[in-house]
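# Architecture and fold: a report
Below, each chain spelled out in residue letters.
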Amino acid sequence: MSRFLSQRFAALEPYTPGEQPQDRTYIKLNTNESPYPPSPRVLEAVNAEQVSMLNLYPDPTCGLLREKLAETYGVGPENVFVTNGSDDILNMSFMAFCDRDHGIAFPDITYGFYSVYGQLHDVPCRVIPLTEDYQVHVPDYVNIGSNVIIANPNAPTGIALSLEEIERIVQSNPDHVVMIDEAYVDFGAVSALPLLGQYKNLLIIRTYSKSRSLAGARLGFAIGDAALIEDLERIKYSMNPYDINRLTQVAGIACLESDDYYKANAEKIIRVRDYTTKALEARGFTVLPSGANFVFAKKPGIAGKDLYQFLRENGVLVRWFDKERIRDFLRITIGTREQMDKLLFVLDK
Ligand SMILES: *Cc1c(COP(=O)(O)O)cnc(C)c1O
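Residues numbered from 1 in each chain as written. Predicted model: local features only at pLDDT ≥ 70, side-chain atom pairs only at ≥ 80, totals over all residues. Heavy atoms only, no water.

The space that makes up the largest pocket amounts to roughly 1100 Å³. In terms of lining residues, the largest pocket is bounded by 44 residues, among which Tyr 15, Tyr 111, Gly 112, Phe 113 and Arg 319 are the most central. Among the elements of the structure, helix H4 (86-97), strand E3 (104-107) and helix H5 (113-120) are those that each provide at least two residues to the lining of the largest pocket. Looking at the lining of the largest pocket element by element, the count peaks at five residues for H5. The residue makeup of the lining of the largest pocket, split by class, is 20 nonpolar, 13 polar and eleven charged. Each of domain 1 (7-30 + 259-348) and domain 2 (40-256) accounts for three or more of the residues forming the lining of the largest pocket. Its boundaries defined by the atoms lining it, the second largest pocket holds a volume of some 260 Å³. (1 Å grid on protein atoms, 1.4 Å probe; cavity = no way out; pocket = protein on both sides within 12 Å on 5 of 7 lines; lining within 4 Å. Points joined across faces, edges and corners; volume = space filled by probe spheres on them. Helix = DSSP H or I, 4+ residues; strand = E, 2+ residues; numbered from the N terminus. Nonpolar A, V, L, I, M, F, W, Y, C, P; charged D, E, K, R; others polar. Domains from an automatic or database assignment.)

Take a look at the structure:
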């Protein structure tokens, strides 16, 4: 830390991203990417013609992409907001809707970035423990009187809430924004999209990084009431209006034109998830019920850190969190069947 850093950030604890090692090839099951490449349409769309236009700024409104998203999800373009990865939406939402007097509530075990943005923007955070069996305890959020952010399915547990449970939270907090981070919703959970017409305080946050095989392109979007989207635009146009580059915009459109490809991939991942869950349970693991493209698992009697290190030495990367309550768990991304068989082979050692 230099002596020039603003005091505001002196105590900030930044987010630690999962490793992206460049030294050797691992079976990479640590950051919940898709094991499948982008669709052939995406590969065609990001072509030399598009690259040759990189001297020109991209469309800051992302008009075509927003129209395509609106059509895909049955809303208007004024209900859609796009950013350079959904982390940016989370960041801008904290800026737009939270302050000293408008805090935010989220579970003790959830996506690590929520507390980082809370610190970054000096927002009071109410951290609510998950139940003993790692469920979001919905009554804690009913009439809570603050903004709320919940990942559904939750990360890193993978456990999903029902639409009725989400609705209770949204409905009982009409004067606060309820953000539902649906990063993993395409792997079998229920989206809150059907509630959009009824609730002006609901913001749904999605990403192309997981089910849509575009983690490297950086593209996230939010869907909500037009007034909420306008608030987010206000922040975006005060920061970086050209945040989504040309190549990512065309990739994002082509991706939506190949929905069947991505649906088939998600189905494959769900099947391999069920296979992996059974195989881990057969080896004595406890596996939480996952609605995502990862499983959260522990083996009684073995420290999570030791298991993580053993797997790493044997060429398999998974995610381990040095955090109370979950120190003995590993978060294992679901890859292809072949990748999971290699994981199981190493575990059998
Ligand atoms: C991966 C993830 C994100 C961020 O995705 P990007 O679009 O890649 O920034 C947001 N929320 C949750 C819960 C995630 O797991």
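Applying the stated criterion across every chain yields a total of 17 salt bridges. A salt bridge links Arg 206 to Glu 182; the nearest nitrogen and oxygen atoms lie 2.9 Å apart. Linking Arg 206 in strand E7 (residues 202-207) with Glu 182 in the loop between strand E6 (178-181) and E7, this pair joins segments that are 24 residues apart in sequence. The pair Arg 206 / Glu 182 is uniform in exposure class, with both members buried. Note that Arg 212 and Asp 259 form a salt bridge whose closest N and O atoms lie 2.9 Å from each other. Of this pair, Arg 212 sits in the loop between E7 and strand E8 (220-224) while Asp 259 sits in helix H9 (residues 259-282), and the two are 47 residues apart along the sequence. (Salt bridge = Lys/Arg side-chain N within 4 Å of Asp/Glu carboxyl O. Buried < 20%, exposed > 50% of the residue type's maximum accessible area, 1.4 Å probe, protein only.)

With that out of the way, let us pick up the side chain of Arg 319. Within the secondary structure, Arg 319 sits in the loop between strand E11 (316-317) and strand E12 (330-333). With no salt bridge to any partner, buried Arg 319 finds its closest opposite charge in Glu 19, at an N-O distance of 6.8 Å. From its side chain, Arg 319 meets the backbone oxygen of Thr 16 in a polar contact 2.6 Å long. Look past the residues within four positions of Arg 319 in its chain and what remains in contact with it is Tyr 15, Thr 16, Pro 17, Gly 18, Leu 29, Asn 30, Leu 330 and Arg 331. (Lys, Arg positive; Asp, Glu negative; His and termini not counted. Polar contact = N/O pair within 3.5 Å; in protein donor to acceptor, adjacent residues only side chain to side chain. Contact = heavy atoms within 4.5 Å.)

Moving on, we come to the sheet that holds strand E5 (residues 147-151). Read from one edge to the other, the open sheet built from seven strands follows the order E2-E8-E7-E6-E5-E3-E4, with strand pairing classed as mixed. Both outer strands of the open sheet, strand E2 (80-83) and strand E4 (125-128), are each paired with one neighbouring strand and no more. Strand-to-strand twist of the sheet, defined as the mean angle between neighbouring strand axes without regard to direction, takes the value 20 degrees. Packing of H5 onto the sheet brings it into contact with E3, E4, E5 and E6, and relative to E5 it is tilted by some 150 degrees. Against the sheet, helix H6 (residues 163-171) contacts E5, E6 and E7, and its axis sits at roughly 150 degrees relative to E6. (Pairing = 2+ DSSP bridges. Axes fitted to C-alpha atoms, helices over the stretch in contact; angles between N-to-C directions.)

Turning our eyes to something else, we now look at the sheet that holds E12. A sheet is described by the order of its strands in space; here three strands give the open sequence E9-E10-E12, paired in antiparallel fashion. In the strand order of this sheet, the two ends are held by strand E9 (286-287) and E12, each with one partner. The sheet contact formed by E9 and strand E10 (residues 294-298) spans two bridges and is antiparallel. Counted as the bridge partner of Thr 286 is Lys 298 from E10.

For the rest of this paragraph, the subject is the site of the ligand. Every residue lining the ligand is accounted for by Gly 85, Ser 86, Asp 87, Tyr 111, Asp 181, Ala 183, Tyr 184, Thr 207, Ser 209, Lys 210 and Arg 218. In the model, an oxygen atom of the ligand is placed 2.5 Å from a nitrogen or oxygen of the Thr 207 side chain. Between the ligand and the protein, one listed contact pairs an oxygen atom with a side-chain N or O atom of Arg 218 at 2.8 Å. Out of a free accessible area of 390 Å², the ligand has 92% covered by protein chains. Mapping the ligand onto the cavity grids shows that it belongs to the largest pocket. The class makeup of the residues in the shell around the ligand is three nonpolar, four polar and four charged. (Near = heavy atom within 4 Å. Areas by Shrake-Rupley, 256 points an atom, 1.4 Å probe, with all protein chains shown as cover. Sits in = over half its atoms within 2 Å of the grid points.)

So, on to the packing of H4 against H5. Contact pair H4 / H5: the axes reach a minimum separation of 10 Å and the direction vectors enclose 40 degrees. In terms of orientation, H4 lies oblique with respect to H5. When the axes of H4 and H5 are compared, the crossing they make is right-handed. For the pair H4 and H5, the contacting residues are Asp 87, Leu 90, Asn 91 and Phe 94 in the first and Phe 113, Tyr 114, Tyr 117, Gly 118 and Leu 120 in the second. Residues belonging to the contact of H4 with H5 are distributed by class as follows: six nonpolar, two polar and one charged. (Parallel < 35°, antiparallel > 145°, perpendicular 65-115°, else oblique. Left-handed = near helix turned anticlockwise from the far one by under 90°.)

We now examine the side chain of Asn 201. Along the chain, the position of Asn 201 falls in the loop between E6 and E7. The contact partners of Asn 201, leaving out residues within four places of it in the chain, are Val 170, Asn 173, Pro 174, His 176, Val 177, Val 178 and Leu 228.

The side chains of a regular strand alternate, residue by residue, between the two faces of the sheet. Counting buried positions over the five residues of E5 gives five, a clear majority of the element. Of the two faces of E5, both are covered, the one formed by Asn 147, Ile 149 and Ala 151 as well as the one formed by Val 148 and Ile 150. Strand direction decides the pairing type here: E3 and E5, joined by two bridges, are parallel. Note on E5: the bridge partner recorded for Ala 105 is Val 148. Of the pairings in the sheet, the one linking E5 to E6 comprises four bridges and is parallel in character. The residue of E6 that forms the bridge with Val 148 is Val 178. Where the polypeptide runs from E5 across H6 and back to E6, its parallel neighbour, the crossover connection is right-handed. (Right-handed = clockwise from strand over helix to strand, strands pointing away.)

Take it as geometry only, folks, not as evidence of what the structure does.
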